[in-house]
Amino acid sequence: MINLQYETKALDVTEKGIVTVAVNGIGIEDAQHDISMPGSFVDTLRDDISKMRWYLNHDTRQLLGVPLSGEEKDGNLIMTGQMNLNKQICRDVFEDYKLFHEAGRTLEHSIGVKALARDEEDRRKVVRWKMLEYSTLTGWGANPQTFLVGLKSASEDQIRDAVELLRMAFKQRGYSDERLKNYDMELNLLLKSLGGGMIVTCPCCGHQFDYDNEPEHTFSQEVQEAAGELVMSIGRNEARRQIERYRPEIQNEVSAIIDGLSAAKKEISTKSIVEAFAYVRCPYCWSRVYRSNSLLIPADPTETKEKKPEDEEGTKPSTEKPTEGAKPEDEEKKPGKKDDTKKKSAEEPIPSASFWASLSAATKK
């Protein structure tokens with residue numbers, strides 16, 4: 001079975017739990033490089049509608065309701081279904097539909113299908129599908145957290161928007177206590193991320209947690225020291241002789257560190273080497289999660305605001321002589337964050353292109 005995901009939307013939501021959604025695009029290439037041709041769903045909507053199911057996140061244990069009808073219309077596959085509002089999980093998802101509708105947003109949807117016939121000349125084009133189910137998507141299937149927004153990584157503005165949506169959710173009256181507890185957890189993680197906390201997202205299951213609350217596993221100390229020794233040997237033109245001292249497996253790991261820092265254009269320092277390979281284990285699936293999996297995407301430190309000409313106009317140099325022992329005005333100003341960054345960069349300059357070229361040549365046998 002293939003799960004086709006398409007940027008979809010809820011077209012109508014009634015108080016009786018009847019929801020009409022666009023679950024798939026017609027004539028559009030999807031992530032699996034399949035193109036659903038016009039008429040490809042006609043047979044299955046006629047013959048299989050009574051067997052179709054409506055799930056949450058393609059989880060067969062979480063049945064949301066029953067599909068009532070479907071049609072191809074305006075370049076989309078439109079499905080109408082009845083939610084079982086006697087189940088708490090359905091009431092929670094129903095409240096999500098209403099909340100997203102009020103906020104001008106939409107939940108995403110996906111369908112489970114099998115391709116029965118394809119175009120002979122272009123195998124991407126599917127001319128007949130068998131549809132088994134469609135799903136409302138609220139997050140990653142393996143993620144134990146039932147979060148409302150489910151951001152993997154986002155800018156500060158996107159996180160603030162998510163915070164506002166979560167605050168709207170607390171005004172809804174139909175959510176269960178368990179769902180509100182999950183939303184409260186998500187809100188706290190987002191706020192902590194905005195406050196400078198290291199909130200990370202597991203790349204495997206999507207579980208979000210505080211990096212600093214988990215025991216950190218650092219890379220082999222032997223490899224770290226070897227990489228540091230290699231860096232110091234560059235200035236003495238001893239890189240080739242230095243790396244040949246290490247065992248083959250250590251040579252490979254050191255080269256991987258240097259290549260990784262080069263690709264990311266990061267400064268070579270003890271801190272960068274350690275952080276490149278330090279990780280914690282995901283509390284849910286035990287996968288490795290690095291600091292680079294941070295929820296908050298850091299702003300580009302190289303972006304600086306240009307000074308406007310009008311700001312410079314009318315600014316005249318002072319003709320007053322400084323009193324004896326007084327420090328110049330520029331020295332009296334406390335260095336800001338950007339000044340600190342510049343000072344650090346001056347102490348640990350980013351290697352030039354020629355540096356990386358010489359390093360690469362030195363480490364090759």
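See above for the structure.
On a predicted model such as this, the values are computed, not experimentally measured, just so you know.

### Comments concerning the environment of Cys285
Next, step 1: Relative to the helices and strands, Cys285 is located in the loop between strand E12 (279-281) and strand E13 (288-290).
Next, step 2: When its relative accessible area of 30% is taken as the criterion, Cys285 is described as partly exposed.
Next, step 3: The spacing of Cys285 and Cys205 is 80 residues in sequence and 6.8 Å in space, taken between C-alpha atoms.
Next, step 4: Residues in contact with Cys285, not counting those within four places in the same chain, are Cys202, Cys204 and Cys205.

### Some details on the nonpolar core
Next, step 1: Core analysis: the biggest nonpolar cluster contains 41 residues, and Phe41, Met79, Met83 and Met131 have the highest contact counts within it.
Next, step 2: Of all the secondary structure elements, the ones that give two or more residues to this core are strand E3 (18-25), strand E5 (53-56), strand E7 (76-83), helix H2 (88-102), strand E8 (108-118), strand E9 (125-137), helix H3 (156-169) and helix H4 (177-194).
Next, step 3: Sequence-distant contacts of Met131, defined by excluding residues within four places in its chain, comprise Phe41, Thr44, Asp48, Met52, Leu77, Met79, Ile111, Gly112 and Val113.
Next, step 4: With 9 residues, the next largest nonpolar core counts Val200, Cys205, Val280 and Val289 among its residues.

### Notes on the packing of H3 against H4
The relative placement of two packed helices is expressed as an angle between their axes plus a distance between the axes.
Next, step 1: Where H3 contacts H4, the two axes come as close as 10 Å, and the packing angle between them is 150°. Accordingly, the angle class assigned to the pair H3 and H4 is roughly antiparallel. Crossing hand, H3 versus H4: left-handed. Between H3 and H4, the contacting residues are Glu156, Ile159, Arg160, Ala162, Val163, Leu166, Arg167 and Ala169 on the first element and Leu180, Tyr183, Glu186, Leu187, Leu190, Leu191, Ser193 and Leu194 on the second.

### Focus on the environment of Gln82
Next, step 1: On the secondary structure map, Gln82 appears in strand E7.
Next, step 2: Between the C-alpha atoms of Gln82 and Ile18, which are 64 residues apart in sequence, the distance is 4.5 Å.
Next, step 3: Leave out the neighbours within four places in its chain, and Gln82 touches Lys16, Gly17, Ile18, Trp54, Leu64, Gly65, Val66 and Leu68.
Next, step 4: Within the structure, Gln82 has its side chain in polar contact with the backbone oxygen of Lys16 (distance 2.8 Å).

### Concerning H3
Next, step 1: In a regular helix each residue adds 1.5 Å, so 14 residues correspond to 20 Å; H3 covers 20 Å between its end C-alpha atoms and thus fits that length.
Next, step 2: Those residues of H3 lying buried are Ile159, Ala162, Val163, Leu165, Leu166 and Ala169. Projected onto a plane normal to the axis of H3, the buried residues spread over an arc of 165° and lie on a single side.
Next, step 3: Tucked inside the fold, the buried residues of H3 contact H2 and H4.

### Some details on the pairing of E8
Next, step 1: Pairing of E8 with E9, which is carried by 10 bridges, proceeds in the antiparallel orientation. Across the sheet, residue Ala117 finds its bridge partner in E9, namely Arg128.

### Let's talk about the pattern of salt bridges
Next, step 1: Tallied over the entire structure, the rule returns 14 salt bridges.
Next, step 2: Between Glu29 and Arg124 there is a salt bridge, with its nearest N and O atoms 2.9 Å apart. Here Glu29 is found in the loop between E3 and strand E4 (35-36), whereas its partner Arg124 is found in the loop between E8 and E9, with 95 residues between them in sequence.
Next, step 3: According to the relative accessible area criterion, Glu29 is partly exposed, its value standing at 37%.
Next, step 4: By relative accessible area, which is 36% here, Arg124 ends up partly exposed.
Next, step 5: For Asp43, the salt bridge is made with Arg46, and the minimal N-O distance between the two is 3.4 Å. Highlighted residues: Asp43 and Arg46, both in helix H1 (residues 42-47), separated by 3 residues, approximately one helical turn.
Next, step 6: You can call Asp43 partly exposed: its relative accessible area is 29%.
Next, step 7: Take Arg46: its relative accessible area is 55%, and that puts it in the exposed class.
Next, step 8: Linked through salt bridges whose partners overlap, the residues forming this network are Glu29, Asp122 and Arg124.

### Some points on the environment of Leu295
Next, step 1: Relative to the helices and strands, Leu295 resides in the loop between E13 and helix H9 (309-312).
Next, step 2: Exposure remark for Leu295: the relative accessible area of 0% places this residue in the buried category.
Next, step 3: In the structure, Leu295 is positioned 141 residues away from Ala154 in sequence and 6.2 Å away in space, judged by C-alpha atoms.

The rules behind each value
Residues numbered from 1 in each chain as written. Predicted model: local features only at pLDDT ≥ 70, side-chain atom pairs only at ≥ 80, totals over all residues. Heavy atoms only, no water. Helix = DSSP H or I, 4+ residues; strand = E, 2+ residues; numbered from the N terminus. Buried < 20%, exposed > 50% of the residue type's maximum accessible area, 1.4 Å probe, protein only. Contact = heavy atoms within 4.5 Å. Core = buried A, V, L, I, M, F, W, Y, C linked by side-chain atoms within 4.5 Å. Axes fitted to C-alpha atoms, helices over the stretch in contact; angles between N-to-C directions. Parallel < 35°, antiparallel > 145°, perpendicular 65-115°, else oblique. Left-handed = near helix turned anticlockwise from the far one by under 90°. Polar contact = N/O pair within 3.5 Å; in protein donor to acceptor, adjacent residues only side chain to side chain. Expected span 1.5 Å × (residues − 1). Arc of directions from axis to C-beta. Pairing = 2+ DSSP bridges. Salt bridge = Lys/Arg side-chain N within 4 Å of Asp/Glu carboxyl O.

All quantities given are derived from atomic positions and should not be read as evidence of function.
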